Every structure is written in C-alpha cells, then in structure tokens.
Amino acid sequence: FPDPAKFIRKLHDKGIMIGISLSPYISDTVPEYIECVDNDYLVKDDDGNPILAEYEGGAMGIVNVMNQSARNWLRLKFDSVLNIGLDLAEADFKYVMLNVPGKSAAFHNCFATTFNSIVKDCASRCNGSANDSIIKNSTGAGDSISPYRNIYIYIPYYIFYPYC
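Residues numbered from 1 in each chain as written. Predicted model: local features only at pLDDT ≥ 70, side-chain atom pairs only at ≥ 80, totals over all residues. Heavy atoms only, no water.

## Some points on helix 3 (residues 68–82)
One turn of an α-helix holds 3.6 residues; hence residues three or four places apart share an orientation. Between the first and last C-alpha of helix 3 there are 21 Å, a value that for 15 residues agrees with the 21 Å anticipated at 1.5 Å per step. Considered for burial, the residues of helix 3 that qualify are Ala70, Arg71, Trp73, Leu74, Arg75, Phe78, Asp79, Val81 and Leu82. (Helix = DSSP H or I, 4+ residues; strand = E, 2+ residues; numbered from the N terminus. Expected span 1.5 Å × (residues − 1). Buried < 20%, exposed > 50% of the residue type's maximum accessible area, 1.4 Å probe, protein only.)

What follows is the structure in structure tokens.
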C-alpha cells in the first residue's frame, strides 16, 4: 500500500475497523534486522548467535523482549504502525519459534507476559484502553499479572494484516 493511512481512512469511512497482528519476529531480509543484530536485540543461542527460526514468510529473528533496549525499540516500531489509524492490535506468536536450547520454562513464560504487555501498552496509548488488543496464542503459564491474558475473541468486522 503506497499510503496505508489513506487506505485505512477509506475503510473507516465504510464502517470497517482495521486490526493488525503483532509478533516479536523480524525477517532477516529487512534493514531493521541488521539494526537488531548490531544492537544485540535478538534472542541468541548458546554460542551467542542470533537464532533464525523458519516461519511462513522465511527466516525470522526473534526480538528479545527480555532486553530493555530491545523492548523500547519494539515499542517504537509498534507505535509507529498503530498510529496510522489501526483500531486493534493482536498479540500472536508461535511458541515453537521460541524452542531455544538452554532457555528455561521461566524464560518462555516471562517472554510471553512481557510481549503481551508491550502490545497492550502500545495499543492502549494509540487507541485507548477500551477495545485495544487481543491476546491469541501468546500466553505464559502460572501467573495472573496481566488481566487480558488468555483472551481470544472473534470479531468478524476486523481486517488483520501481519507486521514483522
């Protein structure tokens, strides 16, 4: 889309709300991937190499949301996307992508909780907190920190398109 904000406004004029699915994955073919490597923002294996996971769109690095600098960087990226007029954000990632040797179950649970918080915070800032986010397949076990967790609702009038 040459002008996504204009396209979204046209859809809004027709009464259609637009949502986006956000994930912590970044393609190894985009310039932001190099930025993440240079700034140490990616989840690494035991040897210190960024993990590249195979995903539907090719190889993806995983932004390490446990790193405060990476978390801030991801928030800025999500804010810039949500501010073009999107109505809803969906937090979604596949756990199989986080099958990282040497990482504990606590890492997986904290990763999910932290990622959900990032999406929720960004969506609340951009859209208000009433109907700002859906958490789908992006949960951790054993805590009740985030009241929006384990929620999956079907909203038939939203159009989702992937980012990252």
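## Some words on the environment of Arg9
As for its placement among the helices and strands, Arg9 is situated in helix 1 (residues 4–13). In the structure, Arg9 is positioned 76 residues away from Gly85 in sequence and 7.4 Å away in space, judged by C-alpha atoms.

## A word on the pairing of strand 5 (residues 88–91)
Of the two faces of strand 5, the one lined by Leu88 and Glu90 and the one lined by Ala89 and Ala91 are each fully buried. Pairing between strand 1 (residues 17–22) and strand 5: four bridges, direction parallel. Along strand 5, the bridge assignment pairs Leu22 with Ala91. (Pairing = 2+ DSSP bridges.)

## Structural notes on the side chain of Ser27
Tracing the chain through its elements places Ser27 in strand 2 (residues 25–27). A polar contact is formed between the side chain of Ser27 and the side chain of Thr29, at a distance of 2.7 Å. Beyond its immediate sequence surroundings of up to four residues, Ser27 is in contact with Tyr33, Ala59 and Met60. (Polar contact = N/O pair within 3.5 Å; in protein donor to acceptor, adjacent residues only side chain to side chain. Contact = heavy atoms within 4.5 Å.)

## Considering the nonpolar core
Core analysis: the largest hydrophobic core is formed by 33 residues, its most contacted members being Val63, Leu74, Phe78 and Leu82. Elements with a contribution of two residues or more to this core: helix 1, strand 1, strand 2, helix 2 (31–38), strand 4 (58–62), helix 3, strand 5 and helix 4 (105–127). If one sorts the elements of this core by residue count, helix 4 sits on top with seven residues. Once residues within four sequence positions are removed from consideration, Leu82 is found in contact with Ile20, Leu22, Ala89, Cys122, Ala123 and Cys126. (Core = buried A, V, L, I, M, F, W, Y, C linked by side-chain atoms within 4.5 Å.)

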